[in-house]
Amino acid sequence: MQRKFILSNDYIFGEALNKVLSEQPQDLINLIKKSGLRGRGGAGFPTGLKLELVSKNDVGAKYVVCNADEGEPGSFKDRELLFNHTEKFIEGMIASGYAVGSSKGFIYLRAEYKWMLKKLLKKIEQLREKNYLGKNILNKNFDFDIEIRCNAGAYICGEESSLIESMEGKRGEPRNRPPFPVEHGYINSPTLVDNVETFANLPYIVKYGDEEFKKYGTEKSPGTKLFSISGDCPKPGIYEFELGCTLSDLLETCDATDVKAVQVGGAAGITVAPKDFNTSICYSELPPEGSIIIFNKSRNMFEVLKNFTDFFKEESCGLCTPCREGVPKIADAVDKILNKESIPDSQIDLLMELADVMKVASKCGLGQTASNPFVYIYKNRGILDE
Ligand SMILES: Cc1cc2nc3c(=O)[nH]c(=O)nc-3n(C[C@H](O)[C@H](O)[C@H](O)COP(=O)(O)O)c2cc1C
Ligand code: SF4
């Protein structure tokens, strides 16, 4: 189940680009569609379809943005790709630029990753010198260059429309959607926003073909996935597994024992109890999110919950009422539970109702998912308190 595909050393920069640039842009789009690759940034949108939507929007300038914001607590797999596999995702960005008809790409870099800015800029410069970036790349009449923009530290700027607002120099707040970035993105132009890991998959799919890619994973969730594993285990780190693996596979690999719960997908993710450790990690079952945090039996899950709700209280942008008002109410209840104050059942019922309202009425994914850990941990307190 553990596979080295994206993290493999069997990689030579330029092999994929030489192939892509000698074919038609639509050929790459067709290949990625056939491969079944889905975005690795969280939402799991089909990557080939997104490429096609941007390519079909023929209205002038278009942009390619690599979402390197990686703000989800417990996720650090993009950091590894950014620093140690730089050429892979950049090659994916250039190929995507060719496919959609864009001549300008951006890397939107997490504020806390500014320490690697120098290395990234150097790599970009080296690729310019080798004519893999810049004008008339490899004499194929294709121009593409990359600029780096840095986040200032807000989690919400990982959400693609806030990211674009921030790139435009505005306050990082989500936009109303539709229109989606594929139509109206950066400076109102069609924009492809993909996660670092999504871009890093492209050179491999080009090199080995869609059939080889589909040999990994499951029929509906092909390929491999990077997991950042942290928390209570002796071997934390970044692991690459085929989709369709289980939490039990991951826990065994990092030698975790005595596990009470695993948080999959960071603060906004799903708290999984041991009874569900054998669920398949794929798009139709347990969503393949990069952040895996392990809690052993010494942990008080309400303290974990406090950590998550405080995080959302800090990071909510405050634009819409359900999230701005709902998150502090949940955080207050968690404080009361931790202080062993009694909360009437009627108030808990109201909080559960509030959680439902936040899910449907919040403007963006932050508010729509911020109540997840409260609902799950409270409802399963019997199991998680054991
Ligand atoms: C609050 C919030 C934070 C997000 N943070 C990130 C992030 O740090 N990196 C990322 O790739 N996607 C993040 N996303 C998802 C992006 O909006 C977008 O779906 C993704 O970049 C698309 O890339 P993909 O198709 O390759 O997955 C976030 C979404 C939300 C709602
Ligand atoms: S859901 Fe929260 S983060 Fe998203 S727009 Fe509303 S207030 Fe801002």
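Residues numbered from 1 in each chain as written. Chains lettered and ligands numbered in written order. Predicted model: local features only at pLDDT ≥ 70, side-chain atom pairs only at ≥ 80, totals over all residues.

A. Expanded view of the packing of helix α4 (residues 77-84) against helix α8 (residues 196-208). Between α4 and α8, the least distance of the axes is 9 Å, while the angle of their chain directions is 50 degrees. Relative to α8, the element α4 lies oblique. As for how α4 packs across α8, the hand of that crossing is left-handed. Contacts between α4 and α8 pair K77, D78, L81 and L82 from the former with V196, E197 and A200 from the latter. Within the contact of α4 with α8, the residues separate by chemical class into 4 nonpolar, no polar and 3 charged. (Axes fitted to C-alpha atoms, helices over the stretch in contact; angles between N-to-C directions. Helix = DSSP H or I, 4+ residues; strand = E, 2+ residues; numbered from the N terminus. Parallel < 35°, antiparallel > 145°, perpendicular 65-115°, else oblique. Left-handed = near helix turned anticlockwise from the far one by under 90°. Contact = placed C-beta atoms within 7 Å. Nonpolar A, V, L, I, M, F, W, Y, C, P; charged D, E, K, R; others polar.)

B. Summary view of the sheet that holds strand β6 (residues 237-242). Taken in spatial order, the 5 strands line up as β6-β5-β9-β7-β8 in an open sheet, and their pairing is mixed. Sheet topology places β6 and β8 (270-272) at the edges, where each strand pairs with a single neighbour. The mean inter-strand angle of the sheet, taken between neighbouring strand axes irrespective of direction, is 30 degrees. Two strands pair when backbone bridges link them, and strand β7 (residues 259-264) and strand β9 (residues 291-296) are joined in this way by 5 bridges, in the antiparallel orientation. Looking at β9, one finds that Q263 is bridged to I293. (Pairing = 2+ DSSP bridges.)

C. Quick look at the domain arrangement of the chain. As far as domains go, the chain holds domain 1 (15-213), domain 2 (224-296) and domain 3 (301-384). Listed by partner, the interface residues are 12 residues for domain 1 and 15 residues for domain 2. Among the residues making up the side of domain 1 that touches domain 2, the classes are represented as 2 nonpolar, 4 polar and 6 charged. (Domains from an automatic or database assignment.)

D. Fine view of the sheet that holds strand β2 (residues 104-109). One open sheet holds the 4 strands; their spatial order is β3-β2-β1-β4, and the pairing between them is parallel. Each edge of the sheet is formed by a strand with only one pairing partner; in this case those strands are β3 (145-150) and β4 (191-195). The sheet shows a mean angle of 20 degrees between the axes of neighbouring strands, direction not considered. Summarising the sheet, strand β1 (residues 63-68) and β4 pair through 5 bridges and their orientation is parallel. Counted as the bridge partner of C66 is D194 from β4. Packed on one face of the sheet, helix α6 (residues 117-129) meets β2 and β3 and runs near 170 degrees to β3.

E. Main features of the site of ligand 1. Lining the immediate surroundings of ligand 1 are 22 residues, of which G39, G41, G158, N195 and G365 lie closest. Mapped by element, the contributors of at least two residues to the shell around ligand 1 are β4 and α14 (365-369). A total of 3 residues in the shell around ligand 1 trace back to one element, the largest contributor, which is β4. Lining the shell around ligand 1 are residues from two domains, each supplying at least three of them: domain 1 (15-213) and domain 3 (301-384). (Near = placed C-beta within 6 Å.)

F. Layout of the site of ligand 2. The environment of ligand 2 is formed by 14 residues, the closest being C317, C320, C323, C364 and G367. Within the residue set of the shell around ligand 2, elements represented by two or more residues are α12 (321-338) and α14. For the shell around ligand 2, the class distribution of residues is 8 nonpolar, 4 polar and 2 charged.

G. Examining the nonpolar core more closely. Counting residues in each nonpolar core, the largest one holds 107 residues, and the members touching the most others are V65, C66, I94, A95, Y108, V262 and I294. Apart from residues lying up to four places away in sequence, I94 is in contact with L17, Y132, L133 and F144. (Core = buried A, V, L, I, M, F, W, Y, C linked by C-beta atoms within 7 Å. Buried ≥ 20, exposed ≤ 12 C-beta atoms within 10 Å, placed from the backbone.)

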